[in-house]
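Chain residues, written in single-letter form:
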Amino acid sequence: MKNKLFFDIGYVKLNKYGEELCGDKMEILPREHGVISILSDGLGSGVKANILATLTSKIAITMLKQGATIEEVVNTIINTLPVCKVRGLAYSTFTIIYGINSGKVYIARFDNPPVFLKRDGAVTLIEGDDVQIADKNVKEAEFNIKDGDTIIAISDGILHAGIGRIMNLGWQEPELAAYISKLPDELSAMSIAKKIITTCNDLYGDLPQDDASCMVLKYQKPEKVTLFTGPPVEKNDDTKIVSELMYGKGKKIVCGGTAASIVSRILEKPVNIDMSNSNPDIPPIAYIKGIDLVTEGVLTLAKALEILEDYKSSISHIDDLFTNDKNTNAVYMLLKILLDEATHIRILFGRRVNPAHTEIGFPEDISSKHDIIKKLAEILKEFGKIVTIEYY
């Protein structure tokens, strides 16, 4: 059976220097048959812009969820937002992208920059056709996409990057398109967004003079990963959980010494620990033939969660957070797969208490692997990953 395609989603924003709140807002609404995504840019910056952008995105996502047309959404937004007395403007700009898993995309854009489409290494601008709605000019586009296509929507803060500094006229559309075309095809949607925003911040000299946002939708086959951690409550389930791991599609990860021992016993294959690069904070990786990554359990997962929590609010790509020993750093290798390669993550979680944790005096919050797994799953879902947990 042919794999169904779907939209991998990533989005990152950069606050204007000195502002605690971002004047851009992004909303993602996964649907059974596709996804609706909205990027709104409030007038000005700071609190007022944040309110305008939030109100715009919430109105749009709520109405579209209930089946409203674009005309109805635009009319409501224009008639709801207050008018700026000084500039006579009453709105935040927005881009709405409706992707259908069967391969169709609809885009409605109101005063935001054009949308970029990357296909087979080449990047084109999707301008759209003019449509008058409530006396406002809205750009609409509808087209078919194919496996590997990437759609990138931005706020104008990205185009302003570098004005008067590195680039006299800013990071204009041709230069941005050339940059996007050179990004590796294997990057996830979130990694593409992070790369663009990081470069944008560099062009601003780490002092962004405008809010900047990037929203990415990558149309692709699911990249599945199965992660097994913790021994099952019933020892009779050992064989079942290893079977689920081995027959699952995509990459296979085992976290935990006990879990690795179970896999080794059932598969009759040895566990070989790599002690070539010691790290006082992160236990070493191991190898089992047929398994893509074998790590220690609680400490590795807890460290991964700690980094993920910081990663949520960071514009840095995962590669930028680790400078050395990437090929033997268990946390980096785990996060690299989960963030940059996986789209669908299936966690096989054994709930038997590991007596070793109590014996060596792990703190309660560290020994509760269940809480760590739940928090990891929640953050990964925020990054657009499809995550399921199965308990044994």
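Please refer to the structure placed before this passage.
So, here's what we can say about the structure. Keep in mind that this is a model prediction, so the values were computed, not measured. (Residues numbered from 1 in each chain as written. Predicted model: local features only at pLDDT ≥ 70, side-chain atom pairs only at ≥ 80, totals over all residues. Heavy atoms only, no water.)

1. Overview of the overall build of the protein chain
Link 1 in the chain: Looking only at helices and strands, one finds 13 helices and 18 strands in the protein chain.
Link 2 in the chain: In terms of overall size, the protein chain behaves like a compact globule, its C-alpha atoms giving a radius of gyration of 23 Å where 392 residues would be expected to give roughly 21 Å.
Link 3 in the chain: The principal-axis extent of the C-alpha atoms belonging to the protein chain is close to 70 × 45 × 40 Å.
Link 4 in the chain: Across the 392 residues that make up the protein chain, the buried fraction comes to 52%.
Link 5 in the chain: Within the protein chain, counting contacts between residues at least 6 apart in sequence, those at least 24 apart form 70% of the total.
Link 6 in the chain: Accessible surface computed for the protein chain: about 18400 Å², of which carbon and sulfur atoms make up 51%.
Link 7 in the chain: Distance between charge centroids for the protein chain: 4 Å, based on 45 positive and 53 negative side chains. (Helix = DSSP H or I, 4+ residues; strand = E, 2+ residues; numbered from the N terminus. Rg over C-alpha atoms; globule rule 2.2 N^0.38 Å. Buried < 20%, exposed > 50% of the residue type's maximum accessible area, 1.4 Å probe, protein only. Contact = heavy atoms within 4.5 Å. Areas by Shrake-Rupley, 256 points an atom, 1.4 Å probe, with all protein chains shown as cover. Lys, Arg positive; Asp, Glu negative; His and termini not counted. Charge placed at Lys NZ, Arg CZ, Asp CG, Glu CD.)

2. Quick word on helix H5 (residues 189-203)
Link 1 in the chain: Compared with an ideal rise of 1.5 Å per residue, which puts 15 residues at 21 Å, H5 spans 21 Å between its outermost C-alpha atoms and is within 8% of the ideal.
Link 2 in the chain: Within H5, 13 of the 15 residues are buried, leaving the element largely enclosed by the surrounding structure.
Link 3 in the chain: Downstream of H5 by a residue or two, Gly205 has a phi angle that is positive, lying close to 65°. (Expected span 1.5 Å × (residues − 1).)

3. Some details on the environment of Ala153
Link 1 in the chain: With respect to the secondary-structure elements, Ala153 resides in strand S10 (residues 150-154).
Link 2 in the chain: Between the C-alpha atoms of Ala153 and Asn137, which are 16 residues apart in sequence, the distance is 18 Å.
Link 3 in the chain: The residues contacting Ala153, other than those within four sequence positions of it, are Leu39, Thr95, Ile97, Val115, Ser213, Cys214 and Met215.

4. Some details on the sheet that holds strand S6 (residues 115-119)
Link 1 in the chain: The five strands lie next to each other as S1-S11-S10-S6-S7, forming an open sheet whose pairing is antiparallel. The open sheet terminates on both sides in strands that have one partner only, identified here as strand S1 (6-14) and strand S7 (122-126). Looking at each pair of strands side by side, their axes are set apart by 20° on average, direction ignored.
Link 2 in the chain: Relative to S7, S6 is paired through five bridges, and the arrangement is antiparallel. Residue pairing across strands places Phe116 opposite Leu125, the latter belonging to S7.
Link 3 in the chain: On top of the sheet, H5 reaches S1, S10 and strand S11 (212-220); it is set at about 25° to S1, its chief contact. (Pairing = 2+ DSSP bridges. Axes fitted to C-alpha atoms, helices over the stretch in contact; angles between N-to-C directions.)

No statement about biological role is implied by the geometric values presented.
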